[in-house]
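Tertiary structure, described
Okay, here's what each chain looks like letter by letter:
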Amino acid sequence: MDMINLVYIHTHDTGRYIEPYGYAVHTPHLQSLASQSTVFRNAHSTSPTCSPSRAGLLTGTYPHESGMLGLAHRGFRLNKYQQHIVSHLKNVGYTTALSGVQHVAPRKELIGYDYVLDASQEYFDRGIQDSTAYDMENSELAAEFIESVDTAGGVPFFLSFGMLNTHRPFPKPESRAADFIRPPCSLPDTAAVREDAAGFYTALETVDRCVGRVLAALERSGHDKDTLVLFTTDHGPAFPGMKATLHDSGT
């Protein structure tokens, strides 16, 4: 039996605040994906911070076992990068590619991807001012890879597409976007909080557009029939009592 392709799509700091979990956020592509998928309604990450959470998912071990006790751009790293799923997939014949955020290594080359589709410089070293443009560019690179990758002879691919959104700072929302929204649970419903939350929801719309590009590329290439898509985030949003806390809203 031929091995299946794998596309791993991930965001920064999103939690469950997307349409498939019942929130009034305009994420139609994610909703479409969810309608064809298994939705995990009570899933938690191994950590409420970025690199440890991602390392837990990609190695199958807890952060204190893998060595990833803190952020990759602040000196923390895996004890062995052979623990990373990329190493295991390459060993069984997968072609592996990365577009965008990874954040489990201080440098992408440590992980061992066959292809790094975007700029070699890490996003945390680049001082990116426009997270929307960054994610849209990387989504296009991911889509191009899907449509051009050679799977002849039964060689499957693993593609990791990582987005900077919904990490702070949030993009500026439309002028009246905050007038009729509800802030994430537990936050006070005030004008200032609504304005902040509107930026978060605006970032989510960028996430959804990027997901739509990748899904469209899978459909155009015919790989929608032989590819498993995983969409997830690392942990909860960057609001009080969420990210960086061990509350459910953090993990």
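Let me begin by describing the structure that accompanies this report.

So, how was this worked out
Residues numbered from 1 in each chain as written. Predicted model: local features only at pLDDT ≥ 70, side-chain atom pairs only at ≥ 80, totals over all residues. Heavy atoms only, no water. Helix = DSSP H or I, 4+ residues; strand = E, 2+ residues; numbered from the N terminus. Rg over C-alpha atoms; globule rule 2.2 N^0.38 Å. Buried < 20%, exposed > 50% of the residue type's maximum accessible area, 1.4 Å probe, protein only. Contact = heavy atoms within 4.5 Å. Areas by Shrake-Rupley, 256 points an atom, 1.4 Å probe, with all protein chains shown as cover. Lys, Arg positive; Asp, Glu negative; His and termini not counted. Charge placed at Lys NZ, Arg CZ, Asp CG, Glu CD. Phe/Tyr/Trp six-rings, centres within 6.5 Å; stacked < 30°, edge-to-face > 60°. Salt bridge = Lys/Arg side-chain N within 4 Å of Asp/Glu carboxyl O. Axes fitted to C-alpha atoms, helices over the stretch in contact; angles between N-to-C directions. Parallel < 35°, antiparallel > 145°, perpendicular 65-115°, else oblique. Nonpolar A, V, L, I, M, F, W, Y, C, P; charged D, E, K, R; others polar. Pairing = 2+ DSSP bridges. Core = buried A, V, L, I, M, F, W, Y, C linked by side-chain atoms within 4.5 Å.

1. Regarding the overall build of the chain
Scanning the chain for helices and strands turns up 7 helices and 5 strands. Each helix (α) and strand (β) of the chain, taken in turn from the N terminus, gives the series β-α-α-α-α-β-β-α-α-β-α-β. Since a compact globule built from 251 residues should have a radius of gyration of about 18 Å, the 18 Å found for the chain is in line with a globular shape. The dimensions of the chain, computed from C-alpha atoms along their principal axes, are 55 × 40 × 35 Å. The burial tally for the chain puts 49% of its 251 residues in the buried class. Sequence separation of at least 24 residues holds for 65% of the intrachain contacts in the chain that already meet a minimum separation of 6. Of the roughly 12,300 Å² of accessible surface on the chain, 52% is carried by carbon and sulfur atoms. On the chain, the mean spot of the 20 positive side-chain charges and the mean spot of the 28 negative ones are 6 Å from each other.

2. Concerning the packing of aromatic side chains
Inspection of the entire model under this criterion finds 8 aromatic pairs. Aromatic pair F200 and F239: ring centres 5.3 Å apart, planes at 85 degrees, arrangement edge-to-face. Remark: F239 occurs in the segment after β5 (227-233) and F200 occurs in helix α7 (residues 191-221); sequence separation between them is 39 residues.

3. What to know about the side chain of D208
By secondary structure assignment, the location of D208 is in helix α7. Among buried charged residues, D208 stands out as having no salt bridge; its nearest opposite-charge side chain is R209, 7.7 Å away. With residues near it in sequence (within four places) discarded, D208 still touches H26, T27, P28, H29 and L30.

4. A short note on the pattern of salt bridges
This model, assessed by the stated rule, comprises 10 salt bridges. Between D196 and R168 there is a salt bridge, with the nearest N and O atoms lying 2.6 Å from each other. Of the two residues, D196 is situated in helix α7 and R168 in the loop between β4 (157-162) and α7; the sequence distance between them amounts to 28 residues.

5. A closer look at the packing of helix α1 (residues 28-35) against α7
For the pair α1 and α7, the least separation of the axes is 7 Å and the interaxial angle reads 50 degrees. By the angle class used here, α1 and α7 are oblique. Here α1 contributes P28, H29, L30 and L33 to the contact with α7, which in turn contributes V207, D208, R209, V211, G212 and L215. Taken together, the residues of the contact of α1 with α7 break down into 6 nonpolar, 2 polar and 2 charged.

6. Some remarks on the sheet that holds β4
Taken in spatial order, the 5 strands make up an open sheet running β3-β2-β4-β1-β5, and their pairing is parallel. With one partner strand each, in any of the chains shown, β3 (115-116) and β5 form the two edges of the open sheet. Summarising the sheet, strand β1 (residues 5-11) and β4 pair through 5 bridges and their orientation is parallel. Opposite H10, over in β4, you have G162 as the bridge partner. Helix α6 (residues 131-148) contacts β2 (95-100), β3 and β4 of the sheet and is inclined by roughly 170 degrees relative to β4.

7. As for the nonpolar core
Grouped together as the largest cluster of nonpolar side chains are 34 residues, with contacts concentrated most on I9, L159, M163 and F231. Residue assignment for this core shows that the elements contributing at least two residues are β1, α1, α6, β4 and α7. The biggest single contributor to this core is α7, with 11 residues. When neighbours within four sequence positions are excluded, F231 is seen to be in contact with I9, T11, I18, L30, L33, M163, V207 and V211. In terms of nonpolar packing, the next biggest core, distinct from the first, is built from 16 residues, M68, Y81, V86 and I111 among them.

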